[in-house]
Amino acid sequence: MIETKNLTKKYGNLTAVDDLNLTVKDGDIFGFIGPNGAGKTTTMRILVTLLEPTRGQASVNGLDVRRHGKKVRRLVGYMPDFMGVYDDLKVFEYLEFFAAAFGIERRKRKSIVEGVLELTDLQSKQSAAVDSLSRGMQQRLGLARVLIHDPKVLILDEPASGLDPRARIEIRELLRELKRMGKTIMISSHILSELEEICDHVGIIEHGHMVFSGTLEEILPRLGIQSKVRVKVADSQDKAVELLTALPQISQVRISGDYIAVTLHEGQNGDGIIARTLVNADLDIISIQPEKLKLDDAFLQLTKGIVH
Amino acid sequence: MNTTLLSFFPKLFNPVWLTGPLLDKELRVSSRRRRNYVLRFAYVLFLTIFVAIVWLSVVKFQGTAAYQKSRMSLAGKTIITTIVMFQFIATQLIAIIMLSTSISDEIYHRTLGVLMTTPITSFQIVIGKLFSKLLQLILLLAISLPLLAIVRIFGGVPWDYVLSSLCITLTAVIFSGSLSLFFSIGNRRAYVVIIKTVFTLGVLFAFFPTVFGVLFALLSRNFAPILRSLGNVTPILMVLLAHFNPFGAMSLNTAAMMSPTMPAGMPSFYWPLHCVFMLGCSALLIAISIKVVRKVALRQAVGQLDLTSKRKYRKQKKALPKAPGVQEPAGLIRRVKGSPVLWKELRAPIIQGAEGRNSIIGLAVTIAALLLTYATCAKEKCLDMDFTHIAYTLMFMLIGLIFNMVLSATCITSEKESRAWPILLATSMNDWQILWGKAVGVFRRCLPIWFLLAGHIILFVSVRYIHPIAIVHMFMLIAGLVVFLTCVGIYFSILFKRTTSAVVANFALAVVLWIIVPALLGLVTSTISRDKVEVFEAYVSANPVVQATTIMGGTGGQRNAKTKLSKLDFNWLSGNHSEGISSTTTLLLITTLIHISAGFLFAWRAKCRLRRNIF
């Protein structure tokens, strides 16, 4: 659905995006992560035809963004990192304005606007002036605007920035709902824990380069990160440590509070062997829980903090 | 006690207590801005051009050395007057433009509230902003000082004139700048501040004196015996008024220098008194600004949006979350019809920020002032004179053109500044749809002024004070200019990020096309190639002011209105050429076509650049 090949964007001597290759499949939520100034926004702006690439290709639904700008714009709903609003419009008028801008017939507009207002829970604000809305409400309105022409692809640049926890949860739920509706979503955010929960794929970009692209599960072997398991036994914690340390698959064992933190050698999946060893030794196991790799950890390992 | 006193005096003479760190910050920032260097270059360039024009027109190349020497004193006076007047007008305009975003930028970027969380006072904020810009203006004034000193060698120009004119200019600049700063507190858009400041200055220093003059003329007729007993009060009143009016002060000061022997009964003009008055007015404005800035800053510091008016505050309060399920009244929603950009432009208020009561008051005052001038003309029996209609036409036309230039240069930069532009470009609307919508929006906002012009002409055509052909001629002239200036303005609006830059560029183009180039051409033809005078005349004939003057001169007045169409006589270029109806119409048609073609060229360039420089 979204594809870039050797995409490059230069501003004078500064290379904002450098030979970027990425692919987002139909119906996926793609989390686009990177430090400030890494080139996320520039890539997104190229994909929505607001910027021309210096070199390389970018396409949405097979349409080249350079050659088929208007068709691409019909396909894509774009929400910028900072949403400008018209001072003198009301919420309903604002949405209807964009519905008209996307060429939606007049007779259909009212029901469409009401539909997106309902989806974004903004019905009670339809007569409010756009510039008087709170930040959270404006972000919601931005999402409503993005949905107004029922685009297949949503490109959202930090849609949750500056929102309170409740509003962030609501936006997350809304994105899940949109995924269920079959939308392809490309989303950038600095709140990695949120992306972790909703994204199928992530792309980590730094200094204009894509340093990783794939599922969260794929990151682990790629990074060579060792698996970690938390083991909790009813008693004889020291005996359990002794037994586990002797296993060749395990590189490190240490007691951390009321559980044992076990680090396996690279590429090893030790749940089975740990359980067998402890059961054979007649130890009562309370839980064996693999420690999930956090996106924050992957991000920190993959990026060096280089900014333009 | 002694320690306190000892520390008080160094503090008093240290400018930091006055401006805080703001002046330092502003000076640092301004030194990094390329536009300030461009401004200085442009200022010197224009000043040089003006001085060159005056030099070449006063000091003729022909004649004996003795003759040329004898003209040196006059040349010195004329050149110094030119420099002084140039500085007087230019620095005021620059001050208005420079200070038009001084406080609104801080409000818009939400830094005003942050400043209030520091020990910086609102007094330091206002003074820091004002002084930082004034320092740059003083630098511009200083640029001309060597030139003024050199010209003094020619003789005839006393030092006290140089000093007094500089002081009058400086105090006028401080006042205009303070006014612009004051308006920038409540208005986010630079062009609104510029228009409001120029309008206020116009009301204070042109409209009120005119009304006073008219009333005095009427009174002097009705109460002639009483006034006669008081002696010749007119010059006394003139000089008295000049003390309260920088334009009057400068004119009187210059007149006194050019002819040191003033008419009998004319009282002395004390320029220090005028300067003190202007400084007092500026201090008052600054004091009010300090008070308002503090209110706005505190409001922002406690988390309220960057809104200054009560109306907007109420609007903001209304938007606070209501209980779930509570629906806001939906009565005032207007449905989008036709092209969305066009719809949005058409529903916007004519002047942003001047909706409702303010616009009604403004309209009422304008109409009242206009009716007053008509009533005065009727009383003076000059409504059937051609010069009356020339004056009205020029007034309406120039106001219309200024609005057209400002609004067209603003229409896209304002969207860029509010960051709504990328969203609009991300829709599937094509470039021409957007441009067309914007152009119609500009035209619609200027429409009230064109209605006034059309109303004036049609009214006096109907009473046979203007020939009906004037409707056609003026339509051709205005149509060409509106298309040209709208397209040029939109082009600059696309080219620049900031509204102020686009507006200044649009004005600069008009000034170059219609003032600088004709002046240079005139200079070249009068001094170097006298045989090329036709080129100069042809170019000047395309000048909108010349065309409007010629049209109304040929069609205005009772005599012309009753003349047969074929017998109408149009005096082009102050009577040098007299043309009939056909050649005049042809000339106007050609000019209109040139304006429209040039306008379309700019529109096409605007279309090409529409999606560049978006952010």
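Bear in mind the structure is a predicted one, so any value in this text is a computation, not a measurement.

## Considerations on the overall build of chain B
Here is step 1: Of the regular secondary structure elements, chain B holds 28 helices and two strands.
Here is step 2: Across the 615 residues of chain B, 36% fall into the buried class.
Here is step 3: Long-range pairs, those at least 24 residues apart, make up 80% of the contacts in chain B between residues at least 6 apart in sequence.

## Regarding unusual backbone geometry
All names here are of chain A.
Here is step 1: Within the chain, Asp-121 stands out as a residue other than glycine whose phi angle is a positive 60 degrees.
Here is step 2: Among the structural elements, Asp-121 can be located in the loop between helix H4 (106-119) and helix H5 (135-147).
Here is step 3: According to the C-beta neighbour criterion, Asp-121 is partly exposed, with 14 such atoms within 10 Å.
Here is step 4: The backbone of His-207 shows a phi angle near 55 degrees, a positive value even though the residue is not glycine.
Here is step 5: Along the chain, His-207 falls in the loop between strand S9 (201-206) and strand S10 (209-214).

## Looking at the nonpolar core
Here is step 1: Within the largest apolar cluster, 201 residues are counted, with the highest numbers of intra-cluster contacts made by Leu95(A), Ile155(A) and Ile490(B).
Here is step 2: Counting twelve residues, the second largest nonpolar core, distinct from the first, contains Val231(A), Val233(A), Ile250(A) and Ile260(A).

## Focus: the interface of chain B and chain A
Here is step 1: Between chain B and chain A, the residue contacts involve 30 residues of the former and 32 residues of the latter.
Here is step 2: Of all elements in the fold, only helix H16 (310-318), helix H17 (340-347) and helix H21 (421-425) of chain B reach the threshold of two or more residues within the side of chain B that touches chain A.
Here is step 3: When its residues are assigned to classes, the side of chain B that touches chain A shows 16 nonpolar, six polar and eight charged.

## Comments concerning the packing of helix H3 (residues 22-32) of chain B against helix H9 (residues 122-151) of chain B
All names here are of chain B.
Here is step 1: Where H3 contacts H9, the two axes come as close as 8 Å, and the packing angle between them is 40 degrees. In the crossing of H3 with H9, the sense of the turn from one axis to the other is right-handed. Of H9, the residues touching H3 (which contributes Leu-22, Leu-23, Glu-26, Leu-27 and Ser-30) are Gln-124, Ile-125, Gly-128, Lys-129, Phe-131, Ser-132 and Gln-136.
Here is step 2: Tallied by class, residues from the contact of H3 with H9 come to five nonpolar, five polar and two charged.

## Some details on the domain arrangement of chain B
Residues and elements named next belong to chain B.
Here is step 1: The domain architecture assigned to chain B consists of domain 1 (13-311) and domain 2 (356-609).
Here is step 2: On the domain 2 side, the residues contacting the 14 residues of domain 1 number 14 residues.
Here is step 3: Only helix H4 (34-58) and helix H11 (190-222) provide two or more residues apiece to the side of domain 1 that touches domain 2.
Here is step 4: Broken down by element, the side of domain 1 that touches domain 2 gets its largest block of residues, five residues, from H11.
Here is step 5: Classifying every residue of the side of domain 1 that touches domain 2 gives ten nonpolar, three polar and one charged.

What counts and what doesn't
- Residues numbered from 1 in each chain as written.
- Chains lettered and ligands numbered in written order.
- Predicted model: local features only at pLDDT ≥ 70, side-chain atom pairs only at ≥ 80, totals over all residues.
- Helix = DSSP H or I, 4+ residues; strand = E, 2+ residues; numbered from the N terminus.
- Buried ≥ 20, exposed ≤ 12 C-beta atoms within 10 Å, placed from the backbone.
- Contact = placed C-beta atoms within 7 Å.
- Core = buried A, V, L, I, M, F, W, Y, C linked by C-beta atoms within 7 Å.
- Nonpolar A, V, L, I, M, F, W, Y, C, P; charged D, E, K, R; others polar.
- Axes fitted to C-alpha atoms, helices over the stretch in contact; angles between N-to-C directions.
- Left-handed = near helix turned anticlockwise from the far one by under 90°.
- Domains from an automatic or database assignment.

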